[in-house]
Amino acid sequence: EPSHDLGQSSLSELAFTAKKLNYHYLGMTEHNPGVSEHTQSQIIDLIKRKTNLIAQFNHSHENDSEKMPFLFNGLEIDIRVKGDRALPDSCLDLLDYACVSIHSSFNQSRKVMTKRILSGLDHPKVRFLAHPTGRLLGQREGIELDWDQIFDFCLKNGKWLEIDAWPNRLDLPDVQVREAVKRGVKLIIDSDSHHASHLGYMKYGVWAANRGWAAKSAIINTLP
């Protein structure tokens, strides 16, 4: 059954929709459990529960004649005001990967915000920065960042930048997509889905990548 821990659709609903889209894999990357609402042990238990559900799903379908998409066990973790991640690093050991993002205190200076993001990215399990500017079209301007520092850090440490295809985000914006591509920074396109039907939003992220002249070779999740 659908669970509030995993979004508005069940694992099966998401996987079958992804299969119809001919996906080889799907990243399950919901937001971290609220640290003000749960103890650390409760958070770890929630992540363990999800980890076990995904492992069971993958195992139950590994011998299917028509392969289901492989489900990756991810998490989107808030970068807090001082640059620390909202979850302890012990939680990251349970995951295949994580991404990090800004959801608060958007008015910090360019220097402070850049330092905050680089601190949040600084862990081997953290693979990419989600909706990097934090903009919401028609609602909120993007944050100010030192893009040279961001690009240099990504290149040096093998990090990626997200193109969030949610229609009111389209973030990374096309101008920064173009600059990232010129610098050789890899990008990852995703739909920011909260329901199986949202997987169709991927096309908007592809359009944003096209506007930034990103070739297939620049997009990590064009790989098998």
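Structure report, in brief. Note that the structure is predicted; figures quoted are calculated from it, not measured.

1. Quick look at the overall build of the protein chain
The helix and strand inventory of the protein chain stands at 7 helices and 7 strands. For the protein chain, the N- to C-terminal ordering of α and β elements is α-β-α-β-β-α-β-α-β-α-β-α-β-α. Taken over C-alpha atoms, the radius of gyration comes to 17 Å for the protein chain, in line with the 17 Å a tight globule of 224 residues would show. Expressed as lengths along the three principal axes of its C-alpha atoms, the size of the protein chain is roughly 50 × 40 × 35 Å.

2. Points about the environment of Trp-166
As for its position among the elements, Trp-166 is in the loop between strand S6 (160-164) and helix H6 (174-183). Sequence separation of Trp-166 and Ile-219 is 53 residues, and the distance between their C-alpha atoms is 17 Å. For Trp-166, the residues in contact, after removing those within four places along its chain, are Ser-191, Asp-192, His-194, His-198 and Tyr-201.

3. Side note on the packing of aromatic side chains
Per the stated rule, a full pass over the model turns up 8 aromatic pairs. When the ring of Tyr-97 is compared with that of Phe-128, the centres are 6.3 Å apart and the planes differ by 25 degrees; the resulting orientation is stacked. Of this pair, Tyr-97 sits in the loop between helix H3 (89-92) and strand S4 (98-101) while Phe-128 sits in strand S5 (residues 126-129); the two residues are 31 residues apart in sequence, bridging distant segments of the chain. Of the residues examined, Tyr-97 reaches a relative accessible area of 12% and is grouped as buried. The buried category is assigned to Phe-128, whose relative accessible area is 5%. Between Trp-166 and Tyr-201, the ring centres sit 5.1 Å apart and the planes meet at 85 degrees, which makes this aromatic pair edge-to-face. Separated by 35 residues along the polypeptide, Trp-166 in the loop between S6 and H6 and Tyr-201 in the loop between strand S7 (187-190) and helix H7 (202-211) bring together distant segments of the chain. Joined through ring pairs, the aromatic side chains of Trp-166, Tyr-201, Tyr-204 and Trp-207 make up one cluster. The ring of Phe-106 carries Arg-140 above its face, with NZ or CZ at 3.9 Å from the centroid.

4. Side note on the pairing of S4
Along S4, one buried face is formed by Ala-98 and Val-100 and the opposite face, lined by Cys-99 and Ser-101, is buried too. The pairing of strand S3 (residues 76-78) with S4 spans 3 bridges and is classified as parallel. If you follow Asp-78 over to S4, its bridge partner there is Ser-101. Traced from S4 through helix H4 (residues 110-121) to S5, the parallel crossover comes out right-handed.

5. Structural notes on the packing of H4 against helix H5 (residues 147-157)
In the contact formed by H4 and H5, the axes pass within 10 Å of each other and the chain directions differ by 15 degrees. Comparing the axis directions of H4 and H5 gives the class roughly parallel. You can see that H4 and H5 cross each other, and the crossing is right-handed. On the side of H4, the interface is formed by Thr-114, Ile-117, Leu-118 and Leu-121, while H5 contributes Gln-149, Ile-150 and Phe-153.

6. Here's the deal with the packing of H5 against H6
Look at H5 against H6: their axes get within 11 Å of each other, and the N-to-C directions meet at 45 degrees. If you check the angle between H5 and H6, you find them oblique. Read as a crossing pair, H5 and H6 show a hand that is right-handed. Judged by residue contacts, Trp-147, Asp-148, Phe-151, Asp-152 and Leu-155 of H5 engage Gln-176, Glu-179, Ala-180 and Arg-183 from H6. Here the contact of H5 with H6 is built from residues that sort into 4 nonpolar, 1 polar and 4 charged.

7. Some details on the pattern of salt bridges
The full count for this structure, using the stated rule, is 9 salt bridges. Residue Asp-164 is joined to Arg-169 by a salt bridge in which the shortest nitrogen-to-oxygen separation is 4.0 Å. Grouping residues by exposure puts Asp-164 and Arg-169 together as buried. With a shortest N-O distance of 3.1 Å, Glu-179 and Lys-182 are connected by a salt bridge. Of this pair, Glu-179 and Lys-182 both sit in helix H6, 3 residues apart, which is roughly one turn of that helix. Classification of Glu-179 by relative accessible area gives partly exposed; the value is 33%.

Procedures and definitions
- Residues numbered from 1 in each chain as written.
- Predicted model: local features only at pLDDT ≥ 70, side-chain atom pairs only at ≥ 80, totals over all residues.
- Heavy atoms only, no water.
- Helix = DSSP H or I, 4+ residues; strand = E, 2+ residues; numbered from the N terminus.
- Rg over C-alpha atoms; globule rule 2.2 N^0.38 Å.
- Contact = heavy atoms within 4.5 Å.
- Phe/Tyr/Trp six-rings, centres within 6.5 Å; stacked < 30°, edge-to-face > 60°.
- Buried < 20%, exposed > 50% of the residue type's maximum accessible area, 1.4 Å probe, protein only.
- Lys NZ or Arg CZ within 6 Å of the ring centre and 35° of its normal.
- Pairing = 2+ DSSP bridges.
- Right-handed = clockwise from strand over helix to strand, strands pointing away.
- Axes fitted to C-alpha atoms, helices over the stretch in contact; angles between N-to-C directions.
- Parallel < 35°, antiparallel > 145°, perpendicular 65-115°, else oblique.
- Left-handed = near helix turned anticlockwise from the far one by under 90°.
- Nonpolar A, V, L, I, M, F, W, Y, C, P; charged D, E, K, R; others polar.
- Salt bridge = Lys/Arg side-chain N within 4 Å of Asp/Glu carboxyl O.

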